[in-house]
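# Structural characterization, general
Chain residues, written in single-letter form:
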Amino acid sequence: MYDDPSSPIARRLKNVQGQIRAVLNNSAPGPIRIVSLCAGQGRDLMEVLADHPRARDVRARLVELDPRNSSSIQKQVDDLGLDQIEVVTGDASITDHFVEMSPANLVLLCGIFGNIVDEDIKRAINVCWQLCQTRGTVIWTRHRRAPDMVPEICKWFEQCDFERIWVSVSDPDFAVGAHRFSGRSQPLVLGEKIFDFLR
Ligand SMILES: C[S@@+](CC[C@H](N)C(=O)[O-])C[C@H]1O[C@@H](n2cnc3c(N)ncnc32)[C@H](O)[C@@H]1O
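Definitions and limits used
Residues numbered from 1 in each chain as written. Predicted model: local features only at pLDDT ≥ 70, side-chain atom pairs only at ≥ 80, totals over all residues. Heavy atoms only, no water. Helix = DSSP H or I, 4+ residues; strand = E, 2+ residues; numbered from the N terminus. Rg over C-alpha atoms; globule rule 2.2 N^0.38 Å. Buried < 20%, exposed > 50% of the residue type's maximum accessible area, 1.4 Å probe, protein only. Contact = heavy atoms within 4.5 Å. Areas by Shrake-Rupley, 256 points an atom, 1.4 Å probe, with all protein chains shown as cover. Core = buried A, V, L, I, M, F, W, Y, C linked by side-chain atoms within 4.5 Å. Near = heavy atom within 4 Å. Polar contact = N/O pair within 3.5 Å; in protein donor to acceptor, adjacent residues only side chain to side chain. Nonpolar A, V, L, I, M, F, W, Y, C, P; charged D, E, K, R; others polar.

## What about the overall build of the chain?
When you go through the chain residue by residue, the secondary structure sums to five helices and seven strands. Along the chain, from the amino end to the carboxyl end, the secondary structure elements read α-β-α-β-α-β-β-α-β-α-β-β. The C-alpha atoms of the chain give 15 Å as radius of gyration, which agrees with the globular expectation for 199 residues (16 Å, within 12%). Judged by the C-alpha coordinates and their principal axes, the chain covers about 45 × 40 × 30 Å. Out of the 199 residues in the chain, the part that is buried amounts to 50%. If you take every contact in the chain between residues at least 6 apart in sequence, the share linking residues at least 24 apart comes to 79%. In the structure as shown, the chain presents an accessible area of about 9,400 Å², 51% of it carried by carbon and sulfur atoms.

Have a look at this one:
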């Protein structure tokens, strides 16, 4: 489906990649720390890193449960020779996976909010206080099926000291959002479960 450019998932991917590019373009010189939860095949980040001049400044950890997907990410990492990108086959809902990588400059929560209950979306947004550094960005996605939760999700971010940078409005199938953290990040609390993935 990603390979059909007209499919919703491919259009969503392009939007996410546009926001990742914007974060990299606007990052101060020096290391850029990124975490990706439920990374899938990692196409959002890896395809951007393939030709981005800041690729070697990125230190990332991508956590994905399905070993077929994580080995696909690892292949992209190896092909690009980006050995500072770490691929973890594991449960991204457990905070322990983000030790030493939090708070990050960029947190990717893509393909998650449509697969967890609302309470878990709120919990994930709250945990971004630990995952995301001050002035860091969270990029997230959500489908727009009724009831459209995108306005609520924006409200939850904004109640938690995240400023809206950009939310896609034109696509009827999905939203991609980018929110910047203006609060003070908190130390990572280990052993916390953030969400239960429903499907
Ligand atoms: C909808 S896909 C999204 C993939 C990618 N982030 C994207 O936006 O294209 C959801 C991914 O989450 C993975 N997944 C589900 N539960 C997970 C968990 N608890 N920890 C890590 N990955 C999980 C699935 O294997 C799947 O690859």
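## Structural notes on the nonpolar core
Leu37, Val107, Leu109, Phe113, Val138, Trp140 and Ile153 are the most contacted members of the largest nonpolar core, which totals 36 residues. Residue assignment for this core shows that the elements contributing at least two residues are β1 (32–37), β4 (104–109), α4 (118–131), β5 (132–143), α5 (150–159), β6 (162–167) and β7 (174–181). Residue contributions to this core peak at six residues, all from α4. In this structure, Ile153 is in contact with Phe113, Ile121, Ile125, Trp140 and Arg142, ignoring residues within four places of it in sequence.

## Here's the deal with the site of the ligand
By nearness alone, 16 residues border the ligand, and Tyr2, Cys38, Glu64, Asp91 and Cys110 come closest of all. In the environment of the ligand, an oxygen atom lies 2.6 Å from a nitrogen or oxygen atom belonging to the side chain of Glu64. Here a nitrogen atom of the ligand sits 2.8 Å away from a polar atom, N or O, in the main chain of Ala92. Taken by itself the ligand offers 600 Å² of open surface, and the protein chains cover 81% of this. Grouping the constituent residues of the shell around the ligand by class yields seven nonpolar, five polar and four charged.

## Focus: unusual backbone geometry
A cis amide bond links Ser102 to the next residue, Pro103, at an omega of 0°. Structurally, Pro103 can be placed in the loop between β3 (85–89) and β4. Cis geometry is adopted by the peptide bond preceding Pro147, which originates at Ala146 and carries an omega value of -5°. Assignment of secondary structure puts Pro147 in the loop between β5 and α5. Residues other than glycine seldom take positive phi values, yet Cys38 does so here, at roughly 55°. By the element assignment, Cys38 lies in the loop between β1 and α2 (43–49). Positive phi is not limited to glycine here, since Arg135 has a value of about 75°. Position of Arg135 relative to the elements: it lies in strand β5. Note on Arg135: relative accessible area 48%, which makes it partly exposed.

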